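# Understanding the architecture of this molecule
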Amino acid sequence: MNVNMLHINFQPKQLWIADEKLKCLIHGLELRRGFFLSFFPSDTPHYENVPFEVPSSWVWTNIEELFFVTKLAGFEYTDCLTKDTISSNNEVPIVRAQNVRMGYFVENTNEAISEALSQQLERSALTKKCLLMTFIGAGIGDTCIFPALKRCHLAPNVAKIEPYSNKIDLKYALYYLMSDLGQLGVRGISKSTAQPSLSMATIRSLEIALPPLAEQHRIVAEIEKLFELIDQIEQGKADLQTIIKQTKSKILDLAIHGKLVPQDPNDEPAIELLKRINPDFTPCDNGHKWKLPQSWCWAKGRQIFLPMKSTKPHNDEFLYIDIDSIDNKRQIINKIKSIKTANAPSRASRYTQKGDVVFSMVRPYLRNIAKVSVDGCIASTGFYVCSPIDDLNSEYCYYLMISDYVVTGLNQFMKGDNSPSINKSHIDEWLFPLPPFPEQQRIVQKIEKLFSLLDHIKKSLEV
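One structure accompanies this document, and this report is about it.

Procedures and definitions
Residues numbered from 1 in each chain as written. Predicted model: local features only at pLDDT ≥ 70, side-chain atom pairs only at ≥ 80, totals over all residues. Heavy atoms only, no water. Buried < 20%, exposed > 50% of the residue type's maximum accessible area, 1.4 Å probe, protein only. Helix = DSSP H or I, 4+ residues; strand = E, 2+ residues; numbered from the N terminus. Polar contact = N/O pair within 3.5 Å; in protein donor to acceptor, adjacent residues only side chain to side chain. Pairing = 2+ DSSP bridges. Patch = residues over 30% accessible without salt bridge, like charges linked within 9 Å, V, L, I, M, F, W, Y side chains within 5 Å. Areas by Shrake-Rupley, 256 points an atom, 1.4 Å probe, with all protein chains shown as cover. Salt bridge = Lys/Arg side-chain N within 4 Å of Asp/Glu carboxyl O.

Bringing helix 11 (residues 394-402) into the picture now. Where burial is concerned, most of helix 11 is hidden: seven out of the nine residues are buried. The residue sitting at the N-terminus of helix 11 and contributing the capping side-chain oxygen is Asn-393; that oxygen lies 2.8 Å from the backbone nitrogen of Glu-395.

Pairing within the open sheet is mixed, and its four strands lie in the order 8-5-12-9. Since the sheet does not close on itself, it has two edges, and those belong to strand 8 (112-113) and strand 9 (125-126), each with one partner. Here two bridges tie strand 5 (residues 92-95) to strand 8, and the two strands are oriented antiparallel to one another. Bridge pairing in strand 8 links Val-92 to Ile-113.

So, about a nonpolar patch on the surface. Taken together, the side chains of Leu-240, Ile-243, Leu-453 and Ile-457 present a nonpolar region at the surface, about 310 Å² in accessible area. Among the elements of the structure, helix 8 (213-256) and helix 14 (437-461) are those that each provide at least two residues to the nonpolar patch. Within the fold, Leu-240 resides in helix 8.

Below, the discussion takes up the pattern of salt bridges. Taken as a whole and assessed by the stated rule, the structure comprises 22 salt bridges. The partner of Arg-276 in a salt bridge is Glu-268, and the shortest N-O contact between them spans 2.6 Å. When its relative accessible area of 32% is taken as the criterion, Glu-268 is described as partly exposed. Across the salt bridge formed by Asp-322 and Lys-337, the nearest N and O atoms sit 2.9 Å from each other. Here Asp-322, found in the loop between strand 16 (317-321) and strand 17 (326-327), pairs with Lys-337, found in strand 19 (residues 337-340); they are 15 residues apart in sequence, far enough to count as distant. For Lys-337, a relative accessible area of 27% translates into the label partly exposed. Taken together, the salt bridges that share partners define one network made up of Lys-128, Lys-160 and Glu-162.

Honestly, it's all geometry; don't read function into it.
Laid out in structure tokens, this is it:
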């Protein structure tokens, strides 16, 4: 890749291209997601009233010298493009502002006019490759290439910028108009009103730095190589984020299968923990479940979670946890609401304490699951509150409840069309794999160490 050629031709100090916060340094060119090139002035400009000095083989010109610029006239729209003449059954799609996106064209598949009407309005017909620019509204300045795969027709708010000859590379013109400099020019000439707009005269006056045609082609080729590189980086980033998510899921799966940390024969078996709580405890028949390590046992939810309690707000205000409080991407409580008791929802009656895990029984596949971090909160009755028994580590309980085994397993019991839900008995009777208490602690430590590493990698992708 001849990056130096791009640097000399455009005289940029940076090339900014797409990626929210992803950065990549390549021979002094800084790449970012954003899809814009930045043009910078020479340190010693020799020309007046131009943005920057250009090489001797280049020339400063404007859109009017290179393109025929037009739009659909107002009377053509009101007289000819009416409800009676626009139909999805016609042959010639019309092009509205929403069909012109920055850098790409989206065909209108719902609105079209007849071939005869389009020919009658030939000046605003789209029959060959050209640039399209939105000249009014929120998308003002958005520019794309009309691919001319079929005949189309201008609708209001879109300008046709059609080259007079093949002496300009359309992609070069597109990238220039997409650049910071091109967009600065657009913003500089737009009318500052409630709805900003451009006239055809102001579009024609837009300045453009024009290199020789062969050099335009080389510049476009270099830009597209860099765009391709950014696409690869972007896809790699997305793939890595998916892998991180899958890896976390696999870690939890190994943990609840007894395969994440080694067993210690000195640990008191889990069944003894449960028999201390309930001398009559009988190990559950695991049926189709997997074989657990010898020191583990299967237990139902009602055997490892304390019975849920109901409560009502007592003070003037109370802390309330509902579905909106949960960040289901990270399985944390994002915001605990403070609500006046007089305005308490009827569902505000689940008692919680620090260390409990709330599991939404409404659409459980959405994974609205989180650990309660403070005392004194009341949760919605839409949650099952997992209050672990003394010999169940609260962190292990949390990781258990967010595992695919629990979430996917409980999903099978959902009923209802509008708000498919499970009920309390489904969790009460669900079989949970329980390791010895010391092993629970070792599992939690291992999970947190591995998750911390994965979170660090994920965070580095967002910088």
